[in-house]
Amino acid sequence: MTKIYNLFAVSIITEYEIMIGAKAEEIDFWKDFFGRVTILPFDKPANDIAIESQNN
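Cut-off values and rules
Residues numbered from 1 in each chain as written. Predicted model: local features only at pLDDT ≥ 70, side-chain atom pairs only at ≥ 80, totals over all residues. Heavy atoms only, no water. Patch = residues over 30% accessible without salt bridge, like charges linked within 9 Å, V, L, I, M, F, W, Y side chains within 5 Å. Areas by Shrake-Rupley, 256 points an atom, 1.4 Å probe, with all protein chains shown as cover. Salt bridge = Lys/Arg side-chain N within 4 Å of Asp/Glu carboxyl O. Helix = DSSP H or I, 4+ residues; strand = E, 2+ residues; numbered from the N terminus.

A surface patch of nonpolar side chains, about 230 Å² in accessible area, is lined by Ile12, Ile13 and Phe42. Looking at the element boundaries, isoleucine 13 is found in helix α1 (residues 12-21).

Quick look at the structure:
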């Protein structure tokens, strides 16, 4: 995906959800993946923006 797009990013919530559900044999793959993409923080302002974008 990073060969096609200039920026590939996921939220920290996505990282959390994947990592808590990953099998032991998948952990290294996901650590490498998340080390290569931009991780977006999820704080109160991000929460408010997400809610607003869903309501419009």
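A few words on the pattern of salt bridges. Tallying each qualifying case throughout the model produces two salt bridges. Residue lysine 44 pairs with aspartate 48 through a salt bridge whose shortest N-O separation is 2.8 Å. In this pair, lysine 44 and aspartate 48 are both assigned in helix α3 (residues 44-55), four residues apart and thus about one turn of the helix distant.

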